[in-house]
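# Report on the structure
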Amino acid sequence: MSIWSKWLAAVLALALLAPAYAREEDGYDLWLRYRPLAGAERAAMLRHARELVAPAAPSPAVQAALAELRRGVQGMTGRLPLDGKQAKAGAIVLGTPASLPPSLRPTGLEQLGDEGYVIRHRASVTVIAANTDAGLLYGAFAWLRAVGTGLAPDRIDERSAPKLQRRVLNHWDNLDRTVERGYAGESIWDWWALPGVRDARYLDYARANASLGINGTVLNNVNAKPEILTAPWIAKAAALADVLRPYGIRVYLSVRFSTPLELRETATADPLAPEVAAWWRGKADEIYRAIPDFGGFLVKANSEGQPGPQDYRRSHADGANMLAAALAPHGGIVMWRAFVYAAENPVDRAKQAYDEFGPLDGKFAPNVLVQVKNGPIDFQPREPFHPLFGAMPRTPLMLEVQITKEYLGYATHLAYLGPLFEETLQSDTGHAPGLTVARVVQGAQAGGRATGMAGVANIGSSRTWTGSHFDQANWYAFGRLAWDPRGSSRAFAREWAAQTFTRAPGALDDIAAMMMDSREAVVNYMTPLGLHHIMGTGHHHGPAPWVAGLARPEWNPVYYHKADRGGIGFDRTASGSDALAQYAPAIARRHADPATTPDTLLLWFHHLPWDYPMPSGRTLWAELVARYDLGVAQVRALRTRWAALAPFIDARRHAEVAQRLDVQVAEAGWWRDACVAYFQSVSGLPLPAGTQPPAQTLEYYRALRFPYAPGHG
Ligand code: BDP
């Protein structure tokens, strides 16, 4: 064969193999894959999605909805729906009360507000109705989700409206494109090339968020730089806002409290100084000229070294209200973070936010939301709910969760966070009957004045978006729970897996079950029984419960576990820091006694002797070791279960998940061994009978270093 005929043969072979390659998936499509249907399903879809009928002169939002429906139907059936004029059999009709003929107008639309939608199917016509074009967009995505999870198009009957107003991602993205606590590559915002170059990915980002109902995004890190408020950066943010707007997504910015001072445009950053207030008013006007629907500011002040109003002996309310006044004429809001703790403050770190913010209840301007992390320390694998929930009845509180897994194994470990978010949302605050965190966040106390939920994004420029396939589910669950904080993480796991991996009945059950077990496994091999913050210094990778010498007490894991010869755990009862007193009496009472404290939080609230008898019949020491062993066994089981799913998952994604599970098994073992070795060195007790000794010496684990761990500045 000549070289040319060899070349031709190779090209032909490749062409024949192309469909196989085309089927290989890299995760970029997220849950919006719209893969081909077959047989009766395809036929039904063709019958019921033949034409799309939209209001005349569709707005950008309606055009986005139509584009998505076309993409979805074409992907699933191979055929592009036609543009129709009237509602005939086989049509999907999108409309608002103004555009829908009375016969097609569903009842009860009034109750669905600005973003809700109705989908119904009658006499072979599907109607997607809403009061606004944004609602139509959400309805279109909901229809695609319904068929994507296996519902027949003529069975879709849905009515939904978001329970929270602000459903917002917080990007901790820096202006140099690094991402604080980011494990998915560099920032998706190509700041340098903006505003001239608008990456096509921004549009896919908008689609993915809109499909979940996320309607806001804070573009930059809470540890903000002054430059974000200079003209060139406002222009970059405006370019992003233009791309995101049709998808109902508003842009917000994190701001540094001392910006005008640092830009040398004022002589102080004192919030009560007239020149400072005037500067911020002018800045807000400038931003709104470029971004008319700008959402507002997110502020981290007087926390971890960030500047703030307390630098001038002013309160958080003084600071927040000054910014709020600048934004109010434009309809903007301030999201003021309650994540504060101070170097000089010797009080239990878990108490400091409540101490500082509790007394400010009722003192914030109407367009301020106080953004509170789910727990009182910091995004741990498990924490009790934050005591501020329910304790600031006259202040809108926004819940902040972390989607990126700073403390739960980065993007390597499988940990589905839906159950973590749900656990917080379903926690009963005890301040009034049925007053869960979800109800507080929905505005049950503050009269629904302003409501919202924020998630620290796990998105980067990685092809998978989130650094791993399963981490996409955490973005998904956040969005769905922000739409409905009383939703079920189990249901969202199934929805996500059905759209992302497979609808094959047994396989789908297995994947969802794996997801539901995964977070508890992480808790067990990292921080069982209420332990917390015993991760490596700074980067938070791996175990380091022995760290004791850092400058500030609360930087040291020993501060949190307080293990000594006598026992282990943080006494937060009246005999200790009394952090419990910050909770409503019923909650405080239950957790004051170790016997009535759920074992999941035992060592969060109590310091107990190593031989404390656990309900299992084991001593605390034996139970601790057993939990570490359980965690490792659970991850091994996840790996085995995933291996069995190979026939149902495309080869590339299956292998990519499998690799990560191998790493997770190894790292779970490392966590277990290092923690058992360390706590044994402290307790001085022999390993419980039948226990595997740690693979290495304690010195070995203590000597490990990770200078280039990702996500840490
Ligand atoms: C901690 C992170 C740190 C963030 C801080 C915050 O380690 O990188 O800046 O929270 O939320 O979890 O401000």
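The protein is annotated in an unreviewed UniProt entry as Xylan alpha-1,2-glucuronidase of [Empedobacter] haloabium. A UniProt comment under Catalytic activity (unreviewed entry) is attached to the protein, and it reads "Hydrolysis of (1->2)-alpha-D-(4-O-methyl)glucuronosyl links in the main chain of hardwood xylans." Reading the Subunit (unreviewed entry) entry of the UniProt record for the protein gives the comment "Homodimer."

### Some points on the domain arrangement of the protein
We note that the domain assignment places domain 1 (3-160), domain 2 (169-500) and domain 3 (524-570 + 607-702) within the protein. Using C-alpha coordinates to define each centre, domain 1 is positioned 32 Å away from domain 2. Listed by partner, the interface residues are 22 residues for domain 1 and 27 residues for domain 2. Both sides together, the interface formed by domain 1 and domain 2 hides about 2400 Å², and carbon and sulfur atoms give 56% of it. Broken down residue by residue, the surface that domain 1 buries against domain 2 is led by Tyr28, Trp31 and Arg145, which jointly contribute 36%. Salt-bridge contacts for Arg463 lead to Asp26; the nearest nitrogen and oxygen are separated by 2.6 Å. In the side of domain 1 that touches domain 2, the residues fall into 12 nonpolar, 4 polar and 6 charged.

### Some remarks on unusual backbone geometry
Geometrically, the link from Leu194 to Pro195 is a cis peptide bond, its omega value of 0° lying close to zero. Mapped onto the elements of the fold, Pro195 is located in the loop between strand 7 (166-170) and helix 5 (201-212). If you check the backbone angles, Ala123 has positive phi at about 45° while not being a glycine. Despite not being glycine, His533 shows a phi value in the positive range, around 50°. Looking at where His533 falls in the secondary structure, it is placed in the loop between helix 15 (505-526) and helix 16 (557-561).

### What to know about helix 20 (residues 651-683)
Taking 1.5 Å of rise per residue, 33 residues should cover 48 Å, and helix 20 covers 47 Å from first to last C-alpha, within 8% of that figure. At the C-terminal side of helix 20, Gly684 shows a positive phi close to 70°.

So, how was this worked out
- Residues numbered from 1 in each chain as written.
- Predicted model: local features only at pLDDT ≥ 70, side-chain atom pairs only at ≥ 80, totals over all residues.
- Heavy atoms only, no water.
- UniProt positions renumbered as here; feature names shortened; annotations may be inferred.
- Domains from an automatic or database assignment.
- Contact = heavy atoms within 4.5 Å.
- Buried area = accessible area lost by both parts, 1.4 Å probe.
- Salt bridge = Lys/Arg side-chain N within 4 Å of Asp/Glu carboxyl O.
- Nonpolar A, V, L, I, M, F, W, Y, C, P; charged D, E, K, R; others polar.
- Helix = DSSP H or I, 4+ residues; strand = E, 2+ residues; numbered from the N terminus.
- Expected span 1.5 Å × (residues − 1).

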